[in-house]
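# Understanding the architecture of this molecule
Each chain is listed here by its residues.
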Amino acid sequence: NAGVTQTPKFQVLKTGQSMTLQCAQDMNHNSMYWYRQDPGMGLRLIYYSASEGTTDKGEVPNGYNVSRLNKREFSLRLESAAPSQTSVYFCATYRQGPHQETQYFGPGTRLLVL
Amino acid sequence: QKEVEQDPGPLSVPEGAIVSLNCTYSNSAFQYFMWYRQYSRKGPELLMYTYSSGNKEDGRFTAQVDKSSKYISLFIRDSQPSDSATYLCAITEDYKLSFGAGTTVTVRA
């Protein structure tokens with residue numbers, strides 16, 4: 001039981017390059033999320049997928065696209081990377097239950113755009 | 001104005017002290033209130049959650065919610081060096097969580 005896994009762990013890109021961040025979960029949770037974390041800014045929601053087949057914009061979606069490939073996988077794509085996208089990216093799942101709602105986070109992907 | 005405001009810190013306390021962390025929020029529709037702990041270069045992990053006003057204890061940790069004031073707190077008693085981390089408050093509305101910016105706490109041995 002790996003929980004939430006993310007690949008790669010670290011990536012360096014040049015401005016204008018593209019890449020896809022991968023996320024997979026084995027907890028059978030319906031909802032998945034992508035956040036970015038910058039110093040002093042906390043976690044900001046980029047996109048989320050409430051259930052398989054649906055995606056919605058979060059607080060900072062510009063410059064990103066997502067794909068909910070199936071229930072397990074949710075990928076984040078940067079089509080043309082910019083230095084402002086240098087950040088730590090976290091994927092998360094969401095569990096709802098009686099009087100309990102919480103998110104489980106992956107270990108993060110550190111992205112540096114030069 | 002952000003939906004969730006958190007005291008930025010950082011906080012540095014001696015071992016054994018009580019750590020007090022606070023957040024305020026603006027949306028009365030928020031349903032669940034959570035505290036996450038994040039160690040350096042790791043993902044956040046859930047520490048405590050609650051959904052009603054009042055106190056909730058779990059070992060050395062107490063989460064406090066005052067819905068009338070839109071104010072939440074986390075207290076850490078008998079703090080240990082292993083409590084040194086960044087603490088984030090989070091509040092939910094339906095499927096979406098709004099996070100505070102986080103407070104970095106250092107407990108000095």
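None of the values given here were measured: they were computed from a predicted structure.

## Here's the deal with the state of the cysteines
Applying the stated criterion across every chain yields a total of two disulfides over all chains. Between the sulfur atoms of Cys-23 of chain A and its disulfide mate Cys-91 of chain A the distance is 1.9 Å. Its S-S torsion of about -70 degrees marks the bond between Cys-23 of chain A and Cys-91 of chain A as left-handed, since a negative value means left-handed. With Cys-23 of chain A in strand E3 (residues 19–25) and Cys-91 of chain A in strand E9 (residues 87–97), the pair connects residues that are 68 residues apart, well separated along the chain. Of the two residues, Cys-23 of chain A and Cys-91 of chain A, neither departs from the other in class, the shared state being buried. Put simply, Cys-23 of chain B and Cys-89 of chain B are joined by a disulfide, and their sulfur atoms are 2.0 Å apart.

## Topic: the sheet that holds strand E1 (residues 4–6) of chain B
Neighbouring strands of a sheet are bound in pairs by backbone hydrogen bonds; such pairs are parallel or else antiparallel. Residues and elements named next belong to chain B. Across the sheet, which stays open at both edges, the five strands sit in the order E1-E3-E8-E7-E6 with antiparallel pairing between neighbours. Edge positions in the open sheet fall to E1 and strand E6 (54–58), since each of these has one partner strand only. Adjacent strand axes in the sheet meet at a mean angle of 15 degrees when their direction is disregarded. The sheet contact formed by strand E7 (residues 61–66) and strand E8 (residues 71–76) spans six bridges and is antiparallel. Along E8, the bridge assignment pairs Asp-66 with Tyr-71.

## Brief notes about the pattern of salt bridges
Residues and elements named next belong to chain B. Using the criterion set out here, one finds six salt bridges over all chains in the structure. Note that Arg-77 is salt-bridged to Glu-57, the shortest N-O span being 3.8 Å. Placement of the pair is Arg-77 in the loop between E8 and strand E9 (85–93) and Glu-57 in strand E6, with a sequence separation of 20 residues. Overall, the relative accessible area of 29% leaves Arg-77 in the partly exposed class. Residue classification places Glu-57 among the exposed residues on the basis of a relative accessible area of 59%.

Conventions adopted
Residues numbered from 1 in each chain as written. Chains lettered and ligands numbered in written order. Predicted model: local features only at pLDDT ≥ 70, side-chain atom pairs only at ≥ 80, totals over all residues. Heavy atoms only, no water. Disulfide = S-S within 2.5 Å. Helix = DSSP H or I, 4+ residues; strand = E, 2+ residues; numbered from the N terminus. Buried < 20%, exposed > 50% of the residue type's maximum accessible area, 1.4 Å probe, protein only. Pairing = 2+ DSSP bridges. Axes fitted to C-alpha atoms, helices over the stretch in contact; angles between N-to-C directions. Salt bridge = Lys/Arg side-chain N within 4 Å of Asp/Glu carboxyl O.

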